[in-house]
Protein chains: 4
Amino acid sequence: MNQTMITVQGWIGTTPMLREVAGVPVLNFRLACTPRHFNRTTGAWVDGETQWYGVSAWRRLASNGGPSLHQGDPVVVHGRLDHRTYVNKSGVEVVSLEIDAITIGHDLTRGVATFVKSASSGA
Amino acid sequence: MNQTMITVQGWIGTTPMLREVAGVPVLNFRLACTPRHFNRTTGAWVDGETQWYGVSAWRRLASNGGPSLHQGDPVVVHGRLDHRTYVNKSGVEVVSLEIDAITIGHDLTRGVATFVKSASSGA
Amino acid sequence: MNQTMITVQGWIGTTPMLREVAGVPVLNFRLACTPRHFNRTTGAWVDGETQWYGVSAWRRLASNGGPSLHQGDPVVVHGRLDHRTYVNKSGVEVVSLEIDAITIGHDLTRGVATFVKSASSGA
Amino acid sequence: MNQTMITVQGWIGTTPMLREVAGVPVLNFRLACTPRHFNRTTGAWVDGETQWYGVSAWRRLASNGGPSLHQGDPVVVHGRLDHRTYVNKSGVEVVSLEIDAITIGHDLTRGVATFVKSASSGA
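Fair warning: this is a prediction, and the values are worked out from it, not measured in the lab.

1. A few points about the relation of the copies chain A and chain D
Reasoning step 1: Mapping chain A onto chain D calls for a rotation angle of 180 degrees and an axial translation of 0.0 Å; the resulting RMSD is 0.0 Å. Such a combination of rotation and displacement between the chain copies is what one expects of a two-fold axis. Among all residues of chain A, the one whose C-alpha sits closest to the rotation axis is Ile6(A), at a distance of 3.0 Å.

2. Let's talk about the interface of chain A and chain D
Reasoning step 1: The interface of chain A with chain D comprises 32 residues on the first partner and 32 residues on the second.
Reasoning step 2: Run the count over chain A and chain D and you get zero salt bridges.
Reasoning step 3: Mapped onto the side of chain A that touches chain D, the elements with two or more residues apiece are strand S1 (4-12), strand S4 (36-39), strand S6 (51-58), strand S7 (74-87) and strand S8 (93-106) of chain A.
Reasoning step 4: In terms of residue count, the dominant contributor to the side of chain A that touches chain D is S1(A) (seven residues).
Reasoning step 5: Tallied by class, the residues present in the side of chain A that touches chain D amount to 14 nonpolar, ten polar and eight charged.

3. Digging into the interface of chain A and chain B
Reasoning step 1: With 34 residues of chain A at the contact, the number on the chain B side is 34 residues.
Reasoning step 2: Where chain A abuts chain B, roughly 3,100 Å² becomes buried across the two surfaces, and 58% of that area is made up of carbon and sulfur atoms.
Reasoning step 3: Our enumeration of links across chain A and chain B arrives at zero salt bridges.
Reasoning step 4: One can count 16 residue pairs in polar contact (both at pLDDT 80 or more) joining chain A with chain B.
Reasoning step 5: Of all elements in the fold, only S1, helix H1 (59-68), S7, S8 and strand S9 (111-117) of chain A reach the threshold of two or more residues within the side of chain A that touches chain B.
Reasoning step 6: If one sorts the elements of the side of chain A that touches chain B by residue count, S9(A) sits on top with seven residues.
Reasoning step 7: Of the residues belonging to the side of chain A that touches chain B, the class tally is 14 nonpolar, 15 polar and five charged.
Reasoning step 8: One ladder, built from seven bridges, connects S9(A) with strand S9 (residues 111-117) of chain B; its direction is antiparallel. Of the residues in S9(B), the one forming a bridge with Lys117(A) is Gly111(B).

4. Here we look at the relation of the copies chain A and chain B
Reasoning step 1: Mapping chain A onto chain B is achieved by rotating through 180 degrees and translating by 0.0 Å along the same axis, at an RMSD of 0.0 Å.
Reasoning step 2: The fraction of interface residues of chain A whose copies in chain B are also interface residues reaches 100%, indicating that both copies meet through the same surface.

5. Notes on the state of the cysteines
Reasoning step 1: Going through the model one piece at a time under the given rule, you end up with zero disulfides over all chains.
Reasoning step 2: Free of any disulfide, Cys33(A) has its nearest cysteine sulfur in Cys33(D), 19 Å distant.

6. Let's talk about unusual backbone geometry
Reasoning step 1: The backbone of Ala22(A) shows a phi angle near 55 degrees, a positive value even though the residue is not glycine.
Reasoning step 2: Here Ala22(A) lies in the loop between strand S2 (17-21) and strand S3 (24-33).
Reasoning step 3: With a relative accessible area of 76%, Ala22(A) lands in the exposed category.
Reasoning step 4: The residue Arg59(D) is not glycine, and still its phi comes out positive at about 55 degrees.
Reasoning step 5: Note on placement: Arg59(D) falls in helix H1 (residues 59-68).

Cut-offs applied
In this numbering scheme, every chain counts its residues from 1 along its sequence in written order. Labels are handed out in written order, letters beginning with A for the chains and numbers beginning with 1 for the ligands. Local features in this predicted model are restricted to residues whose pLDDT is 70 or higher, and side-chain atom pairs enter the listing and the counts only when it is 80 or higher, whereas totals over whole chains, interfaces and linings include all residues. Each side-chain value is worked out from all heavy atoms of the structure, with water and hydrogens disregarded. We place the copies in one frame by least squares, fitting the C-alpha atoms of every residue whose pLDDT is at least 70 in both. By definition in these notes, contact holds between two residues if any of their heavy atoms fall within 4.5 Å. A carboxyl oxygen of Asp or Glu within 4 Å of a side-chain nitrogen of Lys or Arg is what we treat as a salt bridge. The helix count covers DSSP runs of H or I at least four residues long, the strand count covers runs of E at least two residues long, and both are numbered beginning at the N terminus. All residues other than Ala, Val, Leu, Ile, Met, Phe, Trp, Tyr, Cys, Pro, Asp, Glu, Lys and Arg, Gly among them, are scored as polar; the first ten of these are nonpolar and the last four charged. Accessible-area loss on putting two parts together, using a 1.4 Å probe and summing over both, is the definition of buried area adopted here. Counted as a polar contact is a pair of N or O atoms within 3.5 Å, where, for protein atoms, one must be capable of donating a hydrogen and the other of accepting one, and residues adjacent in sequence contribute only when both atoms are in side chains. One requirement defines pairing of two strands: DSSP has to find at least two bridges between them. Note on terminology: pairs of cysteine sulfur atoms within 2.5 Å are recorded as disulfides. Think of it in three bands: with a 1.4 Å probe and only protein chains considered, a residue is buried below 20% of the maximum accessible area for its type, exposed above 50%, and partly exposed in between.

Nothing here speaks to function; it is all geometry.
This is the structure we're talking about:
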């Protein structure tokens, strides 16, 4: 299928925006992730550059995510990785990394959550 | 490093048990996952067998997970996959799949969460 | 979709068996993986138990894998994880881990490969 | 640990370059990946934009990869995802996606491979 799946641990960097596209709820936000990696020269773990992803969630994940997710929240996002090339305000072609989320959850290494299952979750 | 990372979407099938090992908080529970897969013969998506994992969480993930996670909660678990072989009560050697969790979150495709960041999260 | 994707680095532990199911080539073998994990008590990396997976490959991956893959080859396998429960020769119900492979390659950390692209690969 | 692992199926888009950094072999190439994704509006699978990654391999993976990997080869790459921001020749800040490879293999959905294990592979 040639899709690239990814699981990212990061922080919500923008106010999540919930809207409808053709009657389907969609939630969008930017996700910041600061990976640590091993520097083979110095033998130390160092913070990498902060990486930014555009995240989109659809349907139930959007409608549940809307009231649950806020700027600054630490989250884990699992989904399909995509790249989008676009021309920015300065007329420069830039690459944006996008995740089409399969699921999102608050990162419990960073805090405590109270969860209420949807009536329709069928769990 | 030869470690196998895994991200599983499932349900907590047992009451999570929080205890201490040498002064370090550890949280354990069983995770049920029912994957859907494509049957090439019939051309239809079908539910696979429910898969069970033993999940262990350590330190902050354990101490935050304790008050957050309950039997029946839908969650996403990201971590290292391990197999453990042991002899069960009937004297039979069985294999248990274990996930050493890096992070856990409630699955927002299944409900709504209220999250409170830890004072010490350094986010 | 609720499928669990996995990428495993291991060794082919059995002679790969190529056959046809309803005219479609299928390749099956057992994959052995010995993960290393960090023992939090001792602070050392230790070999975990060897983990076994049943791997199945279909269509072009099967027909190309047949002449390419041999018992003892180190490989990387990427695919969908599934569990199958069955009753073994001793009448005991056991769990088998299966990977429905999306792709397989020889592990180049372990040796050198000469590759010939298929005429039909469309690359 | 906050690292993002990724497995990408793609094609080598540049001549792999093998060199030494402080006595350690390093192999670099660009990887092209064209994911397919589901368009929810049209209900069809469509090719996404080709995504480019910079891949680096170290030590045995570099020294084995050097003679094995060539421009145009279809491969599977498993490793740690990183982003690097740099200023390009036009003076514009751009983002590059990098994979620090844990393993690389030829993609057997696309062709046939002959493999020779290293004497020192310890397999």
